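Architecture at a glance
Okay, here's what each chain looks like letter by letter:
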Amino acid sequence: MDSVNLYIVVPCYNEEAVLPETSSRMLELIKQMRSDGLVNEKSRIVFVDDGSKDRTWEIIDSLTREHTEIAGIKLACNAGHQNALFGGLMTVKDDCDCAISIDADLQDDINVIPEMVRKFIGGCDVVYGVRNKRDTDTFFKRTTAQGFYRLMQLMGVKMIYNHADYRLMSARAISALSQFPERNLFLRGMVPLTGFKSDCVYYDRSERFAGESKYPLKKMLSFAFDGITSFSVSPIRMISALGAIVCVIAVIMGIYTIYEKLAGNTDAGWASLMMSIWFIGGVQLLSLGLIGEYIGKIYKESKRRPRYIIEAYVNTPESGEMEDQYV
Ligand code: UDP
Ligand code: MG
């Protein structure tokens, strides 16, 4: 393959403190990769301003005038990290061979980018950046984040452990992603669903070198909650399971209540109350779970996700078309 047309997509929200440094480090890297023959002249760094309230856009704007390698996209208002990133990827998908998404604060090591590109050249459509260790994160962030990955796994969501949104995607993987019309984006759960050949590169996560995290606890929790509810119907199943358990308890309690009643150990009214509380409780939970199953179906249908994603055509009417694009 000739050298690659690479786009690096960087969402930025109030990042005036980090942009000058980030842009100069990325420029240096892209020039280096160009002279190594890894990426071509058309490769770009695309900063997506996610409706920042500070001077972020002015900085991006002036960078684009100084350097042809830098491009900018300005969102009209703050749409959130995932939406900004998605918007950036959708904008570049028809021009690039592959695109890498990375945060503006350079907590993720940009020196593994050449390795990602090499894996792309070697035939991977998705290359995940995976954090080796997280000792630069606070104890709180580390434990909550790792707990979250475990919980997602438990709920049956296919996700790469310790991978956030630092990844390379080929143009066709981004095209596949564009077929997911859902509004609640959780990209790190969606990308594995595209199913293309993938690999990982490992790096140590460093500290944010300037500015503050744009993900305060509240945003983090709502993001985690979004992740679970956008990808899993396990919580609904749990209600059904609980209902079944309560029904079993109701039967046991029923036997116990009748026994106590016959033994004459009960006050008037106790037996009927006990029977109805457990029985009705179980029936209600089971019914809720059953209704939940239907809601789960509606929710899956309403996402309108693609039923399948085609990787290659051979000897079909479409294969000529595909050859130009992908092979
Ligand atoms: N970000 C964004 N829109 C938002 C919040 C964050 O585009 O509403 C960007 C932010 O500029 C950064 C990335 O998302 O490039 C990750 O944010 P941050 O580094 O603050 O998150 P953390 O690393 O603390 O989880
Ligand atoms: Mg960060």
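Anyway, here's the lowdown on the structure attached to this text. (Residues numbered from 1 in each chain as written. Chains lettered and ligands numbered in written order. Predicted model: local features only at pLDDT ≥ 70, side-chain atom pairs only at ≥ 80, totals over all residues. Heavy atoms only, no water.)

**Section: unusual backbone geometry**
- Its identity as a non-glycine residue notwithstanding, Leu 106 has a phi of 60°, on the positive side.
- Tracing the backbone shows Leu 106 in the loop between strand E4 (98–101) and helix H4 (113–121).
- In this structure, Asn 162 takes a positive phi of about 60° despite not being glycine.
- Within the secondary structure layout, Asn 162 lies in the loop between helix H5 (139–154) and strand E6 (163–170). (Helix = DSSP H or I, 4+ residues; strand = E, 2+ residues; numbered from the N terminus.)

**Topic: the pairing of E4**
- Burial along E4 is two-sided: Cys 98 and Ile 100 and Ala 99 and Ser 101, pointing in opposite directions, are all buried.
- Inspection of the sheet shows strand E1 (residues 6–12) paired to E4 by four bridges, in the parallel sense. Residue Tyr 7 lies in a different strand from E4, and its bridge partner there is Ala 99.
- Inspection of the sheet shows E4 paired to E6 by four bridges, in the antiparallel sense. (Buried < 20%, exposed > 50% of the residue type's maximum accessible area, 1.4 Å probe, protein only. Pairing = 2+ DSSP bridges.)

**A closer look at the sheet that holds strand E7 (residues 198–203)**
- Here seven strands make up an open sheet; going across it, the order is E3-E2-E1-E4-E6-E5-E7 and the pairing mixed. Edge positions in the sheet fall to strand E3 (70–74) and E7, since each has one partner strand and no second. Taking each pair of neighbouring strands and ignoring which way they run, the sheet shows an average axis angle of 20°.
- Sheet contacts for helix H1 (residues 19–35): E1, strand E2 (44–49) and E3; angle to E2, the most-contacted strand, approximately 155°.
- Across the sheet, helix H7 (residues 187–194) touches strand E5 (126–131) and E6, and the angle it forms with E6 is around 35°. (Axes fitted to C-alpha atoms, helices over the stretch in contact; angles between N-to-C directions. Contact = heavy atoms within 4.5 Å.)

**Topic: the environment of Leu 63**
- Of note, Leu 63 is situated in helix H2 (residues 56–66).
- Separated by 40 residues in the primary sequence, Leu 63 and Ser 23 have C-alpha atoms spaced 8.1 Å apart.

**What to know about the environment of Ser 240**
- Structurally, the position occupied by Ser 240 is in helix H9 (residues 234–262).
- The spacing of Ser 240 and Leu 288 is 48 residues in sequence and 7.3 Å in space, taken between C-alpha atoms.
- In this structure, Ser 240 is in contact with Leu 286, Gly 289 and Leu 290, ignoring residues within four places of it in sequence.

**A few points about the packing of H9 against helix H10 (residues 270–303)**
- Where H9 meets H10, the closest approach of the two axes is 8 Å, and the angle between their N-to-C directions is 165°. With respect to their mutual orientation, H9 and H10 come out roughly antiparallel. Where H9 crosses over H10, the two elements pack in a sense that is left-handed.
- Grouping the constituent residues of the contact of H9 with H10 by class yields 22 nonpolar, nine polar and four charged. (Parallel < 35°, antiparallel > 145°, perpendicular 65-115°, else oblique. Left-handed = near helix turned anticlockwise from the far one by under 90°. Nonpolar A, V, L, I, M, F, W, Y, C, P; charged D, E, K, R; others polar.)

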